[in-house]
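Chains, contacts and geometry: an overview
Chain by chain, the residues:
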Amino acid sequence: MNFRIGNGVDCHQLTPNKKLILGGVLIESDLGLEGHSDGDAVIHAIVDSMLGALSLGDIGTFFPSDNKQWENANSSIFLKFAHKKINELDFMVNNIDITIILQSPSLKDYVYDMRNNIAELLDVNIDSISIKATTTDKLGFIGKRKGLVALVTTLLVNNGN
(Lines give C-alpha, C1' and ligand atoms only; values in the text may rest on other atoms or scores of the structure.)
Protein backbone atom coordinates (compact mmCIF):
# COMPACT_ATOMS: atom_id res chain seq x y z
CA MET A 1 0.00 0.00 0.00
CA ASN A 2 1.29 3.46 -0.92
CA PHE A 3 1.16 6.13 1.82
CA ARG A 4 1.64 9.90 1.43
CA ILE A 5 1.89 12.43 4.27
CA GLY A 6 1.22 16.14 3.89
CA ASN A 7 1.51 19.08 6.26
CA GLY A 8 -0.45 22.29 6.12
CA VAL A 9 -0.17 25.52 8.09
CA ASP A 10 -2.38 28.57 7.91
CA CYS A 11 -2.36 31.76 9.93
CA HIS A 12 -4.98 34.51 9.86
CA GLN A 13 -5.42 37.80 11.64
CA LEU A 14 -8.29 38.14 14.11
CA THR A 15 -10.30 41.36 13.73
CA PRO A 16 -13.59 42.78 14.99
CA ASN A 17 -16.74 42.66 12.85
CA LYS A 18 -15.78 39.40 11.11
CA LYS A 19 -17.13 35.87 11.50
CA LEU A 20 -14.96 33.21 13.12
CA ILE A 21 -15.39 30.09 11.01
CA LEU A 22 -13.19 27.08 11.76
CA GLY A 23 -13.60 23.68 10.18
CA GLY A 24 -16.71 25.01 8.47
CA VAL A 25 -18.37 25.81 11.82
CA LEU A 26 -19.40 29.28 12.98
CA ILE A 27 -17.75 29.94 16.37
CA GLU A 28 -19.28 32.47 18.75
CA SER A 29 -16.63 35.17 19.18
CA ASP A 30 -16.15 38.92 19.32
CA LEU A 31 -13.34 38.55 16.77
CA GLY A 32 -13.29 36.84 13.39
CA LEU A 33 -10.75 35.95 10.74
CA GLU A 34 -9.45 38.26 8.03
CA GLY A 35 -9.17 36.51 4.72
CA HIS A 36 -9.92 36.72 1.03
CA SER A 37 -12.43 33.89 1.35
CA ASP A 38 -14.23 33.13 4.62
CA GLY A 39 -10.81 32.92 6.30
CA ASP A 40 -11.30 29.35 7.58
CA ALA A 41 -7.69 28.64 8.54
CA VAL A 42 -8.49 25.04 9.50
CA ILE A 43 -9.88 24.10 6.11
CA HIS A 44 -7.14 26.06 4.33
CA ALA A 45 -4.47 24.09 6.20
CA ILE A 46 -6.24 20.79 5.45
CA VAL A 47 -6.32 21.65 1.74
CA ASP A 48 -2.59 22.48 1.79
CA SER A 49 -1.79 19.22 3.57
CA MET A 50 -3.82 17.15 1.10
CA LEU A 51 -2.41 18.85 -1.99
CA GLY A 52 1.11 18.82 -0.58
CA ALA A 53 0.99 15.09 0.12
CA LEU A 54 0.65 14.49 -3.62
CA SER A 55 2.95 17.32 -4.77
CA LEU A 56 0.06 19.26 -6.30
CA GLY A 57 1.01 22.65 -4.87
CA ASP A 58 -1.03 24.54 -2.33
CA ILE A 59 -4.37 26.28 -1.99
CA GLY A 60 -3.03 29.40 -3.72
CA THR A 61 -2.10 27.35 -6.79
CA PHE A 62 -5.77 26.70 -7.51
CA PHE A 63 -7.51 29.52 -5.59
CA PRO A 64 -5.27 32.63 -5.68
CA SER A 65 -6.18 35.35 -3.20
CA ASP A 66 -5.99 38.00 -5.91
CA ASN A 67 -8.84 36.35 -7.84
CA LYS A 68 -12.17 38.08 -7.14
CA GLN A 69 -13.99 34.80 -7.84
CA TRP A 70 -12.88 33.46 -4.42
CA GLU A 71 -13.65 36.61 -2.43
CA ASN A 72 -15.82 35.65 0.58
CA ALA A 73 -16.03 32.07 -0.77
CA ASN A 74 -17.03 29.22 1.53
CA SER A 75 -13.82 27.26 2.13
CA SER A 76 -15.66 23.94 1.81
CA ILE A 77 -15.39 24.57 -1.96
CA PHE A 78 -11.60 24.35 -1.65
CA LEU A 79 -11.76 21.19 0.46
CA LYS A 80 -14.12 19.44 -1.95
CA PHE A 81 -11.76 20.36 -4.81
CA ALA A 82 -8.71 18.94 -2.99
CA HIS A 83 -10.69 15.80 -2.14
CA LYS A 84 -11.62 15.36 -5.80
CA LYS A 85 -7.97 15.77 -6.81
CA ILE A 86 -6.74 13.08 -4.42
CA ASN A 87 -9.54 10.74 -5.53
CA GLU A 88 -8.55 11.27 -9.18
CA LEU A 89 -5.07 10.04 -8.26
CA ASP A 90 -6.60 7.00 -6.57
CA PHE A 91 -5.84 8.10 -3.01
CA MET A 92 -8.11 8.51 -0.02
CA VAL A 93 -7.83 10.16 3.39
CA ASN A 94 -6.72 7.76 6.10
CA ASN A 95 -6.67 10.36 8.87
CA ILE A 96 -6.20 14.05 9.55
CA ASP A 97 -4.66 15.50 12.70
CA ILE A 98 -5.44 19.19 13.35
CA THR A 99 -4.04 21.57 15.97
CA ILE A 100 -5.59 25.02 16.36
CA ILE A 101 -3.56 27.57 18.31
CA LEU A 102 -5.53 30.54 19.64
CA GLN A 103 -5.90 32.29 22.96
CA SER A 104 -9.68 32.50 22.96
CA PRO A 105 -12.47 31.65 22.55
CA SER A 106 -12.38 28.13 23.88
CA LEU A 107 -13.21 25.61 21.16
CA LYS A 108 -14.15 22.63 23.35
CA ASP A 109 -17.88 23.04 22.62
CA TYR A 110 -17.20 23.15 18.84
CA VAL A 111 -14.67 20.35 18.32
CA TYR A 112 -17.24 17.62 17.65
CA ASP A 113 -19.12 19.79 15.12
CA MET A 114 -15.89 20.67 13.32
CA ARG A 115 -14.79 17.02 13.20
CA ASN A 116 -18.21 15.95 11.97
CA ASN A 117 -18.35 18.65 9.27
CA ILE A 118 -14.88 17.82 7.95
CA ALA A 119 -15.64 14.08 8.01
CA GLU A 120 -18.85 14.63 6.04
CA LEU A 121 -17.11 16.85 3.45
CA LEU A 122 -14.44 14.17 2.93
CA ASP A 123 -16.77 11.17 3.22
CA VAL A 124 -14.71 9.59 6.02
CA ASN A 125 -15.54 8.34 9.50
CA ILE A 126 -15.42 11.02 12.19
CA ASP A 127 -12.79 8.92 13.98
CA SER A 128 -10.42 9.77 11.11
CA ILE A 129 -10.49 13.46 12.10
CA SER A 130 -8.66 14.66 15.22
CA ILE A 131 -8.84 18.25 16.46
CA LYS A 132 -6.93 19.73 19.36
CA ALA A 133 -6.92 23.34 20.48
CA THR A 134 -4.27 25.04 22.56
CA THR A 135 -3.18 28.52 23.59
CA THR A 136 0.19 30.25 23.78
CA ASP A 137 -0.40 31.20 27.44
CA LYS A 138 -0.83 34.82 26.36
CA LEU A 139 2.51 34.95 24.50
CA GLY A 140 2.99 36.65 21.12
CA PHE A 141 0.40 37.73 18.58
CA ILE A 142 -1.75 34.68 19.32
CA GLY A 143 -1.70 35.35 23.06
CA LYS A 144 -2.71 38.96 22.40
CA ARG A 145 -5.69 37.70 20.34
CA LYS A 146 -4.36 39.22 17.11
CA GLY A 147 -4.41 35.95 15.16
CA LEU A 148 -4.53 32.19 15.15
CA VAL A 149 -2.67 29.33 13.53
CA ALA A 150 -3.91 25.97 12.26
CA LEU A 151 -1.47 23.08 11.82
CA VAL A 152 -2.56 19.96 9.94
CA THR A 153 -1.02 16.60 9.09
CA THR A 154 -2.85 14.32 6.65
CA LEU A 155 -2.13 10.70 5.85
CA LEU A 156 -3.33 9.58 2.43
CA VAL A 157 -3.40 5.97 1.31
CA ASN A 158 -3.55 4.62 -2.22
CA ASN A 159 -6.74 2.73 -2.95
CA GLY A 160 -4.67 0.05 -4.65
CA ASN A 161 -6.83 -0.05 -7.78
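Please refer to the structure placed before this passage.
Notes on the structure in this doc start here. (Residues numbered from 1 in each chain as written. Predicted model: local features only at pLDDT ≥ 70, side-chain atom pairs only at ≥ 80, totals over all residues. Heavy atoms only, no water.)

What follows deals with the environment of Gly39. Inspection of the secondary structure assignment puts Gly39 in the loop between β4 (31–33) and α1 (41–53). Remark: the alpha-carbon pair of Gly39 and Lys84, spanning 45 residues in sequence, is separated by 21 Å. Among all residues touching Gly39, those that are not within four sequence positions of it are His12, Ile21, Leu33, Glu34 and His44. (Helix = DSSP H or I, 4+ residues; strand = E, 2+ residues; numbered from the N terminus. Contact = heavy atoms within 4.5 Å.)

This part is about the sheet that holds β4. As summarised here, the arrangement of the 5 strands in space is β4-β1-β7-β5-β6, forming an open sheet in which the pairing is mixed. Strands with a single pairing partner mark the edges of an open sheet, and in this sheet they are β4 and β6 (129–134). Going from strand to strand, the sheet's axes swing by 25° on average, the running direction of each strand aside. Here 3 bridges tie strand β1 (residues 3–16) to β4, and the two strands are oriented antiparallel to one another. Of the residues in β4, the one forming a bridge with Leu14 is Leu33. Taken strand by strand, α1 contacts β1, β4, β5 (91–101) and β7 (147–158), and its axis lies near 155° from that of β1. (Pairing = 2+ DSSP bridges. Axes fitted to C-alpha atoms, helices over the stretch in contact; angles between N-to-C directions.)

As a further point, take the environment of Leu56. Within the fold, Leu56 resides in the loop between α1 and α2 (59–62). Residues Leu56 and Ile126, spaced 70 residues apart in sequence, show a C-alpha to C-alpha distance of 25 Å. Not counting residues up to four positions away in its chain, the partners in contact with Leu56 are Leu51, Thr61, Phe62, Lys85 and Leu89.

Regular strands place side chains that alternate from one sheet face to the opposite one. Bridge analysis of β5 against β6 gives 6 bridges, and the strand direction is parallel. Bridging from a neighbouring strand, Ile100 pairs with Ala133 of β6. After leaving β5, the chain enters helix α4 (residues 111–122) and then returns to the sheet as β6, a path that is right-handed. (Right-handed = clockwise from strand over helix to strand, strands pointing away.)

All right, on to α4 then. For α4, with 12 residues, the first-to-last C-alpha span of 17 Å sits near the 16 Å given by 1.5 Å per residue. Within the span of α4, buried status applies to Val111, Met114, Arg115, Ile118, Ala119, Leu121 and Leu122. All buried residues of α4 lie within an arc of 165° about the axis, which places them on one face of the element. Across from the buried face of α4, at angles greater than 90 degrees, the exposed residues are Tyr112 and Glu120. (Expected span 1.5 Å × (residues − 1). Buried < 20%, exposed > 50% of the residue type's maximum accessible area, 1.4 Å probe, protein only. Arc of directions from axis to C-beta.)

A few words on the packing of aromatic side chains. This model, assessed by the stated rule, comprises 3 aromatic pairs. Here the aromatic rings of Phe62 and Phe81 are separated by 4.8 Å at their centres, their planes lie at 55°, and the arrangement is tilted. Separated by 19 residues along the polypeptide, Phe62 in helix α2 and Phe81 in helix α3 (residues 76–88) bring together distant segments of the chain. Grouping aromatic residues by their ring pairs yields a cluster made of Phe62, Phe63, Phe78 and Phe81. (Phe/Tyr/Trp six-rings, centres within 6.5 Å; stacked < 30°, edge-to-face > 60°.)

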